[in-house]
Structures are given as structure tokens and as C-alpha cells.
Amino acid sequence: MKKEIYINESMGETRIAILEDDRLVEVYVEKQDQQRMVGNIYKGAVENVIPGMQAAFVDIGYSINAFLPFSEIQNSSFLPDVVLDKKTSDKQEVDNNRNVELSSGQDIFVQVIKEPFASKGPRVTTEISLPGRFLVLVPGVNYVGLSKKIWDKYERRRLKKLCSKMREKKVGLVVRTIAEGKSDDILKNDYDMLISHWKKLEEKSKKSKTPALVYEDLETASSVIRDLLTSDVDKIIIDSKKIFRRLQNYIEDVTPNMGNRLQRYKLKIPIFESMGIEDEIAKLMRPKVWLKSGAYLIIEKTEAMVVVDVNSGRFVGKKLHEQNSFKINLEAAREIARQLRLRDLSGLIVIDFIDMVKEDNKRKIYNEMRKELKKDRAKVAVSPISDFGILEMTRQRIRLSLLDSMSEVCPTCFGSGRIISKDTLITRIDHWLRRYKIQKNDLRLRLQLHPENADYILNEKKTVLRGLMWKHFTKLKIEENTEITRDEFRFIHPKTNVDITEELELGKNK
């Protein structure tokens, strides 16, 4: 499988695209004024403890307090893809630490594991980990963890023995997949670098007043390279001179034999446009996803969950309904797994497949989803398809979805995706006038509308306009105003030129 990474930097943001066999599979976006927080370590203060929520809120200097669930107090379960060495792990110590009692005002070290979202602060854990190129340092515990993807038993034995020998007391280590086959010296250098970072962190924390940032993880571009730069990556192409030099120095330090895979993009055509990535990203902003068969998906994201609907669309099958449904669902399952990864959708996800009768077909679709989701680095949990054709799953959230990173809520529709019809707007104008005439006795008013609505009333609804004026005994002068939206109207007093719409609080879609 051919794997390529493209990095684009502009004035507003840094974007990273990962292609597998020339197909876009992952996109990362980091805004220049919103640096990522995941991986950062803070010396914080417990603001309050809420036993009913089984959580505490910690002041880390961010505008919203961080959320610390009791389950994240010395809980190693969030470490991905790791099997603990039972012989060297101190399980009793971990279990005891889960019962630590927190009190308001207490200083505490926490690490961000999920980015803040909307009105929610960042999610944090007390189990600190410092990721390196080949190893992950976990201070304060006694275990050695090995990646599940290291299959060779002799290599696992070598790595476990080496890490157990070189690690200090009260320091745990996790061996990453990429460490397989690396020499003892390379792994020892990675360990020494991590220990050095940890000691600097401790020194900085002693001098810092709470709250304080005591360790800042790599920015998105560098962290992606650190986590994804494996032997199967064919090339990394970057259009930024600054990022190129930074990553060049990083690769020379940790894996110099892969330095030739780093390339600088120098053409005038933007890198994402030349590779067709820009068009693909634009499609990710839309809810509808077309499949090759003519069927399509509708992907709707809400605050609480993600809903995916599979539709037959233009698909014209030549077989029976059950076989046609199975064929569409099979294609949809593969594309849904890709879209979840691409759009970085997380939380509870509900997928409504086309109805199938045979249990064997449902099981095949379920197994196909699980197989495709194995390509995803985020943690997922999938349940079988129900009698109603619904598949439920969850996907780990670490950062904002692509939609949240690259777009804002529409100030006109406020996220609904729709605006009121022209006739409903006329009804609102009628109600406004009815209320206004109870209090006032003005015979003339200026009514300002979006040009499209003004044209609609003046040319297609002349009778309705005359009816409004007779009904409320008020002369209305219709005016175009390009600064207001299609579902707004404004009433202006002709003598004072004052906007009186808000007097009755009926003018805008609140």
C-alpha cells in the first residue's frame, strides 16, 4: 500500500492530508491562533469536586475549567493499543490511586486527552505520559507495555527485557509499534530524551505558580510525523519552508535513514489543488456522499450524536431486493468507515442501513464495518445490526471534527440548515403589525426586506400587501436592504428614521 503525507501551511491554518493508494483517508486542521492542547501537561488547581458526576473540575488557566473524571485518576485504560506486562505492573498501586480523594484548592498535575469543544472544557487525566518516537514514558507507575502489533515473540521478549532493564523505578514505559527491530542504542537514546524532558518538567513545575503549562506537546504537523512516520510512508511533501526545516531537524535526530522521504513542494499551484485534495475536502463539508453505485449517504452531526442514513438513490439493481440491499449496504459500510475517519466524527454514531431480512447478510455487513474500522487509529466499539436495520457504534473523540474545525454556525439559520419561507415571513410581519397597532397609531411605516423578499412581495404578492395595509390601516413603503438576511425584516419610523423592530422583539429569528 502506497502511503503519502501532504502538509500545507497558509496564513490562517496548517492542514495535513494522508493518502493511501492515492485516496484521501485522513485530514488534520490546526488554526494559527488555536494551537492544539492534547498532550499538554498543566500544573492545575482543583476548582471543585462533584461526587454526583464522579468528576472534578480543574483550573489549568484555560477559559473553561478542565474536566477530570474519577476514572481518569491513575487509570491506564486510555493508553491506546497496549498490553501491560503483568509481571512488572503494579496493579494494586494503580487501583489504590483511583481512590485518591480530591479537595478544592489542591494542586494537581493533569494532561489533556481531549480538546475543548463548544461549551465544554478540555478533558484531562492524572496519568501523565510523554510520547517519544519509539517509546512512551509514563512516570509514577511500574509497568512495561508492548504494542499489540508487535507479533514476533522473540522481539517482544527482547524489547521487554531491554525496557525493564533501563527504566528507572517508578517510571513506566510503553513500547510503540515502530520500535520493532530498532537497536538497543536507538531505544536507549529515545528513553534518555524522554527522561530529560520529564526532569525539566519537574523543575519547571517547582518554579511555576498554579495554574501553569509545564509541558507543551508538539504542534499538529510534528506530532503527526512522530506518530505516523513508519516504514510504509513513501514520502512527505511540504509547501512550508519553516515546517520543512523543523521536520527535517526532527527526522535527522530520531530516524535519519528516512530523511530522503521528506520533500519540499515548490510549484506555484497550491499543493492541495495540484493533488486534488482541495476538492475532496470541500466534499467533506457536505452532508451528502455519493457512492459509485449511484446510492448515497446522508451524514448529519448533532451535538450529542452522529446519524448516517444509507439511501438507494440512483442505484438500479438487476437482482432481488435483498441482494440489491446487501450490495448497497456493503459499499456503504466501507465508505462510512472512511468518512468517519476523514471527518473525524466521534461519540455515539447511529447508522441506518437499508432493510435486509436475512441474518447472514446483516452479519456480513457488521463484519465488514469492523474490518474497515481496524484501519482507524481512534478507538471504536461496534454493535451488531438490530432488527430495525440500525447499527450503533462509538468512536473516540480527541480533537474537533473537521466540520467544527473548518466552519462556523450560520448566523442566519443558527445551525438548522434552513430558513423560514417567504410566506411565513409575511405571516410574521402581519403578527408584528397587529401587536404594534395595539400600542401605536402610526399611519405610515417603512418596511425593509432582503431584495429577494422585497421583489417577491412587490411583484407576486401585491394583493397580500394591499390586504396588510387595509387590515392594519397603515401605509407600508417596501425598501430593499442587502444587509439583512432572508428571514428578517425591519420596520423604520418614517419621521425619526429609527429602527423600531426590536420594540416588540419579533423582528429576528431568535
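Everything below is about the structure shown above.
When you look at the overall build of the chain in this model, what are you seeing that I'm missing?
When you go through the chain residue by residue, the secondary structure sums to 13 helices and 25 strands. Once the C-alpha set of the chain is aligned to its principal axes, its extents read approximately 95 × 70 × 55 Å. Looking at the 510 residues of the chain, the share that counts as buried comes to 47%. Contacts in the chain between residues far apart in sequence, at least 24 positions, make up 67% of those at least 6 positions apart. Only carbon and sulfur atoms are counted for the fraction: they give 50% of the accessible area of the chain, which is about 27,700 Å². Of the side chains in the chain, 92 bear a positive and 77 a negative charge, and the two mean positions are spaced by 2 Å.

Looking at this model, I keep getting lost on the sheet that holds strand E2 (residues 13-20). Mind explaining?
Spatially, the 5 strands line up as an open sheet ordered E3-E2-E1-E15-E16, and their pairing is mixed. Whereas interior strands pair on both sides, the edge strands pair on one side only; in this sheet they are strand E3 (23-31) and strand E16 (262-264). Across the sheet, the mean angle separating the axes of adjacent strands is 15° when strand polarity is ignored. The strands that helix H5 (residues 241-254) touches are strand E1 (3-9), E2, strand E15 (233-238) and E16; relative to E16, the one it contacts most, it runs at about 160°. Contacts between helix H8 (residues 321-343) and the sheet are confined to E2 and E3, with E3 contributing the most and set at about 20° to the helix.

Is there a simple way to explain the nonpolar core in this structure?
With 30 residues, the main nonpolar core has Val310, Ile336, Ile351, Phe353 and Met369 as its most contacted residues. Sorting the residues of this core by element identifies strand E18 (296-301), strand E19 (305-311), H8, strand E20 (347-352), helix H9 (359-373) and strand E22 (390-395) as the ones contributing at least two each. A total of 8 residues in this core trace back to one element, the largest contributor, which is H8. Look past the residues within four positions of Ile351 in its chain and what remains in contact with it is Val308, Val310, Ile336, Met369, Gly389, Ile390, Leu391 and Met393. By size, the runner-up hydrophobic cluster in this structure holds 26 residues, among which are Cys163, Val175, Ile195 and Tyr215.

Please clarify how the packing of aromatic side chains should be interpreted in this entry.
Given two aromatic rings, their pairing is described by the distance between the two centres and the angle made by the two planes. Tallied over the entire structure, the rule returns 5 aromatic pairs. For the ring pair Phe57 and Phe67, a centre distance of 5.6 Å and an interplane angle of 55° mean the geometry is tilted. Here the residue Phe57 occupies a position in strand E5 (residues 55-59), and Phe67 occupies one in strand E6 (residues 66-69), the gap between them amounting to 10 residues. Taking the relative accessible area as the measure of exposure, Phe57 reaches 21% and is therefore partly exposed. Overall, the relative accessible area of 24% leaves Phe67 in the partly exposed class. Each residue in the set Trp432, Tyr436, Phe489 and Phe491 is aromatic and connected to the rest through ring pairs, giving one cluster. Sitting above the plane of the Tyr296 ring, Lys288 keeps its charged end 4.5 Å from the centroid.

When you look at the packing of helix H11 (residues 422-439) against helix H13 (residues 462-472) in this model, what are you seeing that I'm missing?
Two numbers describe a pair of packed helices, the interaxial angle and the distance between the axes. Two elements in contact, H11 and H13, have axes separated by 10 Å at closest approach and are oriented at 15°. One element, H11, and the other, H13, form an angle in the roughly parallel class. The way H11 lies across H13 gives a crossing that is right-handed. Contact residues: Ile426, Ile429, Asp430, Leu433, Arg434 and Lys437 in H11; Val464, Leu468, Lys471 and His472 in H13. Split by residue class, the contact of H11 with H13 holds 5 nonpolar, 1 polar and 4 charged.

Hey, could you run me through the side chain of Glu26 in this one?
Take Glu26: it is sitting in strand E3. Within the structure, Glu26 has its side chain in polar contact with the side chain of Tyr28 (distance 2.4 Å).

What is the right way to read H13 from this model?
Helical geometry: 3.6 residues make up each α-helical turn, so side chains three or four residues apart lie on a common side. Where H13 is concerned, the buried positions are Leu465, Leu468, Met469 and His472. The arc that holds the buried residues of H13, viewed along the axis, is 95°, so those residues lie on one side. Exposed residues pointing more than 90 degrees away from the buried face of H13 are listed as Thr463 and Trp470. One or two steps after H13, the chain reaches Phe473, where phi turns positive at roughly 50°.

Please clarify how a positive patch on the surface should be interpreted in this entry.
On the surface, a cluster of positive charge is contributed by Lys241, Arg245, Arg264 and Lys266. Relative to the assigned elements, Arg245 resides in helix H5.

Where do I start with the pattern of salt bridges in this structure?
A pair can form between side chains of opposite charge whenever their charged atoms are brought close. Counting across every chain of the model gives 29 salt bridges. A salt bridge links Arg395 to Asp376; the shortest N-O distance between them is 2.7 Å. Of this pair, Arg395 sits in strand E22 while Asp376 sits in the loop between H9 and strand E21 (380-382), and the two are 19 residues apart along the sequence. Each member of the pair, Arg395 as well as Asp376, is classed as buried. The partner of Asp423 in a salt bridge is Lys461, and the shortest N-O contact between them spans 3.7 Å. Here Asp423, found in helix H11, pairs with Lys461, found in the loop between helix H12 (451-460) and H13; they are 38 residues apart in sequence, far enough to count as distant.

Hey, could you run me through the pairing of E3 in this one?
The side chains of a regular strand alternate between both faces of the sheet. The element E3 is extensively covered by neighbouring structure, given that 7 of its 9 residues are classed as buried. Pairing between E2 and E3: 8 bridges, direction antiparallel. Note that in E3 the partner of Ile16 across the bridge is Tyr28. Where E2 folds back onto E3 in an antiparallel hairpin, the turn is made up of 2 residues, including Asp21, whose phi is positive at roughly 55°.

Just to check I follow, could you spell out a nonpolar patch on the surface for this structure?
A surface patch of nonpolar side chains, amounting to about 430 Å² of accessible area, comprises Leu443, Trp470 and Phe473. Mapping Leu443 onto the fold places it in the loop between H11 and strand E23 (444-449). Judged by its relative accessible area of 49%, Leu443 falls in the partly exposed class.

Calculation rules
Residues numbered from 1 in each chain as written. Predicted model: local features only at pLDDT ≥ 70, side-chain atom pairs only at ≥ 80, totals over all residues. Heavy atoms only, no water. Helix = DSSP H or I, 4+ residues; strand = E, 2+ residues; numbered from the N terminus. Buried < 20%, exposed > 50% of the residue type's maximum accessible area, 1.4 Å probe, protein only. Contact = heavy atoms within 4.5 Å. Areas by Shrake-Rupley, 256 points an atom, 1.4 Å probe, with all protein chains shown as cover. Lys, Arg positive; Asp, Glu negative; His and termini not counted. Charge placed at Lys NZ, Arg CZ, Asp CG, Glu CD. Pairing = 2+ DSSP bridges. Axes fitted to C-alpha atoms, helices over the stretch in contact; angles between N-to-C directions. Core = buried A, V, L, I, M, F, W, Y, C linked by side-chain atoms within 4.5 Å. Phe/Tyr/Trp six-rings, centres within 6.5 Å; stacked < 30°, edge-to-face > 60°. Lys NZ or Arg CZ within 6 Å of the ring centre and 35° of its normal. Parallel < 35°, antiparallel > 145°, perpendicular 65-115°, else oblique. Left-handed = near helix turned anticlockwise from the far one by under 90°. Nonpolar A, V, L, I, M, F, W, Y, C, P; charged D, E, K, R; others polar. Polar contact = N/O pair within 3.5 Å; in protein donor to acceptor, adjacent residues only side chain to side chain. Arc of directions from axis to C-beta. Patch = residues over 30% accessible without salt bridge, like charges linked within 9 Å, V, L, I, M, F, W, Y side chains within 5 Å. Salt bridge = Lys/Arg side-chain N within 4 Å of Asp/Glu carboxyl O.

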